[in-house]
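An overview of the molecular structure
Residues per chain are reported as follows:
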Amino acid sequence: MADQKKTDPDVKFCEILSPSELFAARSRSHKIPVRGQKDFFPSDSDEQRQRLEQSLNEHWSLISEERVERLGNLVKATWIPSEEIVELQSPAGKFWQTMGFSARGKQYLLPEEALYLMECGNLQVFYKDLPLPIQDGYERFLTSNTIGLQQYQVFGHLKRLGYVVHRFDPSSEPSPYSRQLNLPQSRDRAGRQLKRKRSTSPSPSSSYIKAKESTTDRMEEESHEGEDRKHPEPHLTASPEASEVQTATTSSADEDGGRTWWMTDDLGESSQSLTSGSSCWDFSSIHFPDLGSSECHSSCLACPDPSLLPGALGVGVCDLAPWRQRINLRKVKMSPKEHKRDEDNWNINKDKEVRQCRNWAEYQQLMARRQGRRKGRPAHLWNREVTPLHDPTQPVPTGELLDKISVIKSSNLLEGASRLEGSDDWRICFNVYQPDTVADFKKSNPGKPYSRMCVCSFEGPVPDLRVIKLLAFQSGDIPVVFAVVDHGDISFYTFKDFQLPTDVYP
Amino acid sequence: QIWTRLPPKTKFSLKHSSDSSCENTRVTQEEDWSSSPVVGVGLCDSAPLLWRVQDLRTVRSRGLVGALLGSLARTPRQNGRLGRPLLLLPEEERLLSECHALTCRSPGELTSRSAGAELTQQVEQYEEEQQRSYEEQSVLALEDRKSALLRAMTSSHTDEALRGRLEAFDQDFTLPRSALAVQLSTARAGLTYCSEARAFLQANWPIRARNDRHSDVKYQVFRDLRGRGFYLTSAGKFGGDFLVYPGDPLRFHAHFIAICQSLDQPVCLLDVLTVARLGSNVKKTVLLCSPGTDGEVVYTSLQWSGMV
């Protein structure tokens, strides 16, 4: 350094300060001169020229100022080029709360952190026992392997504003799958949604609740669809009514048998069908003896068909008398009302259509059909595969109804993002934590970042929907901000999910 | 309905840059450059950065503004005013390199310098210098203390007591090592200060290929506007290519937003309206700049105006 100074006496080498200058610099001002109002047009007036000169002088004195620090205030460190990190040689300062990391019993700083601290006058980095000037810091620390100049510009800008900025490490993020399994935050959100949905539902009928639940389920599925790799089936099932109708139609398809489960006293048939070995119980042929009825006069049951019994098992005639003592043979006394209901039941049993139903589902369907016919739900619209979107007999709030009949569902940023291929052109660079958290910030447990930064330039392309989806998916529920660098200027942009508000109140 | 909200009249004024006075100023400036000192550029992540104050001054005196990137030494933790290094726009870099006014040194050359015996010598020298600085600063600090004492004790104490105190200072005072003021250099010392080496490297500035057409168009526009005495900065935040200042940006507001477009490139009317609207909102005039075939640049200014 100094030898060049000597060999080149004609070139003024003013940027290395003499000891007296260094000493004098201890008491220099830390104020920045205020910039006055700008003029609109150069007028060549002396006054204007003077002002320009003054501004330029202030400018150059600010720019040319060199950093001078007390040795005791400087943390010493060395640059390790092979690992592209900076190792601290003396105890770290206050910055250690938010920067640096420990490994192998030593304290290290990442290159961008070291460079920022150098610029702040907190750190002196040595390489080969010589202190590195800031210029060397820029040229050595900022490479494509570590962090580029543009990334550093963003880093420095945010640091100067007081934010805590850490490199984003995609591997330390929970994978989509683990996020799916253990979702403290987003699960909570879904749960809250569910709760809110429920509480707003006014005096729900049972079918209404069912519909509600299935829609909230679906919403939950949608909000986690990002993590949904394991579910190839899209959860866009039609309305629950439709699926109900579907099961009904399939069961009515094999109605051709026309069997009923009201028994006939035909034992022979029963043994026949039992020996056929069908796995289903044919209740039409299974006879249960009515021991209590007064019409039952025989005192014993006939012995069962030996062909139904295993091997050499012999079962004799069953005497009913002890059994009859054990059961209550008193006749049930019925009120007239009960009597009437009983009669109704009786009537239902006499109903031919009802008698043709083989199970409860069919019976309920029949009842629904009958009710529908009464309430203007024409059967021909409802008993096919394609049914109206909404059943007018179901009470539903307007908002719900609008949602139901909307043909194009609104999408969100994360929808389908998990199925996209990764891209190398865009990556998240930094986790950013807000300045007000600095006081109790822990590097080991930084908590949820305030936002994540992706650095790009005005010269490059605008991120497309694919990129935005990918980054949003990678970032989870933390917003991704695009820091766009235009030479010295940095602007921040973010793309947000937006749901069109519906001005409908139920 | 939409059209009523559009400008009733958009005025286009065409102006050609064929007047000879402008040409002349450009030529004289180029002559100036050839005689001016060469600027030392450091490449950081392939971006051209200037470090030495002298180089920054040289470039500014040529009307090139650049962009400051670093923390300001005086108050580092703010973004209002930044300090060295200065980033050159690609157009500025190209303009300087075409005038052979750039030289560059990569950090790789530096490592070769710092090798073996020479390195140990340098380390020794550094330590020696620091020791010398310590001694000098100790003397200065002692003087400082003494004068402070003198100021404080003139009235209340006798001369003897004062003399005794001063002598005690002379004997006992040691500047703690930690109070030593040291410099954290901004620019690297080295070859950039050696004029012969500069001359040798002068022609060696790598013309970094920027083959795309748009950057060519931008460069021609930049060169022309600079030749006319305007100061230019990048205009990303205004949706254009350059902000055009009538004088030094320290003292003047930008008047124009320059948008560079080659002559044969069709322009969408909506884009024109967008930029014109933006320009009027920030009280600047939008300039559509297209280099012609004969090396001249055609400027079209857009202005909102109501129909009277």
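Structure: above.
Computed from a predicted model, the values in this text were never measured in an experiment.

**Quick word on the overall build of chain A**
Within chain A, the regular secondary structure consists of 18 helices and 14 strands. Sorting the 506 residues of chain A into buried and exposed places 34% on the buried side. The contacts of chain A with a sequence gap of at least 6 include a subset with a gap of at least 24, amounting to 59%. Working note: accessible area of chain A is about 32,300 Å², and carbon and sulfur atoms make up 54% of it.

**Regarding the environment of Tyr450 of chain A**
Residue and element names in this part refer to chain A. When you line up the elements, Tyr450 lands in the loop between strand E11 (430-433) and strand E12 (451-457). For Tyr450, a relative accessible area of 44% puts it in the partly exposed group. Remark: the alpha-carbon pair of Tyr450 and Pro435, spanning 15 residues in sequence, is separated by 9.8 Å. Look past the residues within four positions of Tyr450 in its chain and what remains in contact with it is Tyr163, Val432, Tyr433, Gln434, Ile478 and Pro479.

**Some remarks on helix H4 (residues 90-98) of chain B**
For H4 of chain B, the buried fraction is high: seven of the nine residues fall into the buried class. Restricting attention to buried positions, one finds in H4 of chain B the residues Pro90, Glu91, Glu92, Glu93, Leu95, Leu96 and Ser97 of chain B.

**Description of the sheet that holds strand E6 (residues 123-127) of chain A**
Residues and elements named next belong to chain A. Across the sheet, six strands lie side by side as E4-E5-E3-E2-E6-E7; this open sheet has mixed pairing. The two strands at the open ends of the sheet, each matched to only one other strand, are strand E4 (101-103) and strand E7 (130-131). Looking at chain direction, strand E2 (residues 75-80) and E6 are connected through four bridges and run parallel. From the neighbouring strand, Ala77 faces E6, where its bridge partner is Val125.

**Regarding the packing of H4 of chain B against helix H9 (residues 213-227) of chain B**
Packed helices, taken two at a time, are described by their axes: the angle between them and the distance between them. Residue and element names in this part refer to chain B. For the pair H4 and H9, the least separation of the axes is 9 Å and the interaxial angle reads 70°. By the angle class used here, H4 and H9 are roughly perpendicular. Here H4 and H9 pass one another in a crossing that is right-handed. Counting all contacts with H4, which are made through Glu91, Glu92, Arg94, Leu95 and Glu98, the residues of H9 involved are Ser215, Asp216, Lys218, Tyr219, Phe222, Arg223 and Arg226. Taken together, the residues that form the contact of H4 with H9 break down as three nonpolar, one polar and eight charged.

**Comments concerning the side chain of Ser457 of chain A**
Residue and element names in this part refer to chain A. With respect to the helices, strands and loops of the structure, Ser457 is situated in strand E12. Relative accessible area serves as the criterion here: at 15%, Ser457 is assigned to the buried category. There is a polar contact of 2.9 Å between the side chain of Ser457 and the backbone nitrogen of Glu459. Those residues in contact with Ser457, other than ones at most four positions away along the chain, are Gln150, Val484 and Val485.

**Quick notes on the packing of aromatic side chains**
For the structure on display, the rule yields 16 aromatic pairs over all chains. When the ring of Phe155 of chain A is compared with that of Phe430 of chain A, the centres are 5.7 Å apart and the planes differ by 45°; the resulting orientation is tilted. Placement of the pair is Phe155 of chain A in helix H6 (residues 149-160) and Phe430 of chain A in strand E11, with a sequence separation of 275 residues. Here the aromatic cluster, defined as three or more aromatic residues joined through ring pairs, consists of Tyr116, Tyr138, Tyr152, Phe155 and Phe430 of chain A together with Trp51 of chain B. Here the guanidinium or amino end of Arg177 of chain B rests over the ring plane of Tyr134 of chain B, the centre of that ring lying 4.6 Å away. Sitting above the plane of the Tyr231 of chain B ring, Arg226 of chain B keeps its charged end 5.1 Å from the centroid.

**Observations regarding unusual backbone geometry**
All names here are of chain B. For the bond from Arg84 to Pro85, the omega torsion is 5°, close enough to zero to count as cis. Tracing the chain through its elements places Pro85 in strand E5 (residues 83-87). A positive phi angle, near 55°, is found at Lys283, a position not held by glycine. Structurally, the position occupied by Lys283 is in the loop between helix H10 (269-281) and strand E11 (285-291). Note on Lys283: relative accessible area 75%, which makes it exposed.

**Comments concerning H10 of chain B**
Residues and elements named next belong to chain B. End to end, H10 covers 18 Å across 13 residues, agreeing with the expected 18 Å (1.5 Å per residue, within 8%). Every buried residue belonging to H10 is among Val272, Leu273, Val275, Ala276 and Gly279, and all of these are buried. Where H10 is buried, its residues meet strand E10 (256-260), E11 and strand E12 (297-305).

**Thoughts on the interface of chain A and chain B**
Counting from both sides, the interface comprises 84 residues of chain A and, opposite them, 84 residues of chain B. A combined buried area of about 8,100 Å² lies between chain A and chain B, and 57% of that area is made up of carbon and sulfur atoms. The largest per-residue losses of area from chain A upon contact with chain B belong to Trp60, Arg67 and Arg160 of chain A, which jointly make up 9% of the total buried on that side. Our count for the contact surface shared by chain A and chain B stands at six salt bridges.

**Comments concerning the pairing of strand E5 (residues 106-109) of chain A**
Residue and element names in this part refer to chain A. Judged from the two bridges that link them, strand E3 (residues 85-88) and E5 form a sheet pairing that is antiparallel. What sits directly across from Glu87, in E5, is Tyr108. As judged from the three bridges shared by E4 and E5, these two strands associate in the antiparallel manner. What sits directly across from Ala103, in E5, is Lys106. Linking E4 back to E5 in an antiparallel pair, the connection comprises two residues, with Arg104 at a positive phi of about 50°.

**So, the packing of helix H4 (residues 111-119) of chain A against H6 of chain A**
Residue and element names in this part refer to chain A. Closest axis-to-axis distance for the H4/H6 pair is 10 Å, and the angle between their directions is 55°. In terms of axis orientation, H4 runs oblique to H6. The interaxial crossing formed by H4 with H6 has right-handed handedness. Contact residues: H4 offers Glu112, Glu113, Leu115, Tyr116 and Glu119, while H6 offers Tyr152, Phe155, Gly156, Lys159 and Arg160. Split into classes, the residues belonging to the contact of H4 with H6 amount to four nonpolar, one polar and five charged.

**Structural notes on the pattern of salt bridges**
Evaluation of the coordinates by the stated rule reveals 24 salt bridges over all chains. The closest approach of N and O atoms between Glu65 of chain A and Arg28 of chain A, which form a salt bridge, is 3.9 Å. Note that Glu65 of chain A is positioned in the loop between helix H3 (46-64) and strand E1 (67-70) and Arg28 of chain A in the loop between helix H2 (19-24) and H3, a separation of 37 residues in sequence. Arg84 of chain B is the salt-bridge partner of Glu66 of chain A, the closest N and O atoms lying 2.8 Å from each other. With Glu66 of chain A in the loop between H3 and E1 and Arg84 of chain B in strand E5, this residue pair bridges two chains. One network of salt bridges, with partners in common, ties together Asp39, Glu47 and Arg51 of chain A together with Arg251 of chain B.

**Comments concerning a negative patch on the surface**
A surface patch of negative charge is lined by Asp129 of chain A together with Glu124, Glu127 and Glu128 of chain B. Relative to the helices and strands, Glu128 of chain B is located in helix H6 (residues 116-153). Classification of Glu128 of chain B as exposed rests on a relative accessible area of 55%.

**Let's talk about the nonpolar core**
Leu109, Leu123, Val125, Tyr138, Phe141 and Phe430 of chain A are the most contacted members of the largest nonpolar core, which totals 46 residues. In contact with Val125 of chain A, not counting residues within four places along its chain, are Ala77, Thr78, Trp79, Val86, Met118, Leu130, Pro131, Leu132 and Phe141 of chain A. If you look at the next biggest cluster of nonpolar residues, it comprises 33 residues, including Trp60 of chain A together with Val53, Leu64 and Val244 of chain B.

**Focus on a nonpolar patch on the surface**
Judged by side-chain polarity, Leu389, Leu402 and Ile405 of chain A come together as a nonpolar surface patch covering roughly 270 Å² of accessible area. The residue Leu402 of chain A is located in helix H17 (residues 398-405) in this model.

Rules used in this analysis
- Residues numbered from 1 in each chain as written.
- Chains lettered and ligands numbered in written order.
- Predicted model: local features only at pLDDT ≥ 70, side-chain atom pairs only at ≥ 80, totals over all residues.
- Heavy atoms only, no water.
- Helix = DSSP H or I, 4+ residues; strand = E, 2+ residues; numbered from the N terminus.
- Buried < 20%, exposed > 50% of the residue type's maximum accessible area, 1.4 Å probe, protein only.
- Contact = heavy atoms within 4.5 Å.
- Areas by Shrake-Rupley, 256 points an atom, 1.4 Å probe, with all protein chains shown as cover.
- Pairing = 2+ DSSP bridges.
- Axes fitted to C-alpha atoms, helices over the stretch in contact; angles between N-to-C directions.
- Parallel < 35°, antiparallel > 145°, perpendicular 65-115°, else oblique.
- Left-handed = near helix turned anticlockwise from the far one by under 90°.
- Nonpolar A, V, L, I, M, F, W, Y, C, P; charged D, E, K, R; others polar.
- Polar contact = N/O pair within 3.5 Å; in protein donor to acceptor, adjacent residues only side chain to side chain.
- Phe/Tyr/Trp six-rings, centres within 6.5 Å; stacked < 30°, edge-to-face > 60°.
- Lys NZ or Arg CZ within 6 Å of the ring centre and 35° of its normal.
- Expected span 1.5 Å × (residues − 1).
- Buried area = accessible area lost by both parts, 1.4 Å probe.
- Salt bridge = Lys/Arg side-chain N within 4 Å of Asp/Glu carboxyl O.
- Patch = residues over 30% accessible without salt bridge, like charges linked within 9 Å, V, L, I, M, F, W, Y side chains within 5 Å.
- Lys, Arg positive; Asp, Glu negative; His and termini not counted.
- Charge placed at Lys NZ, Arg CZ, Asp CG, Glu CD.
- Core = buried A, V, L, I, M, F, W, Y, C linked by side-chain atoms within 4.5 Å.

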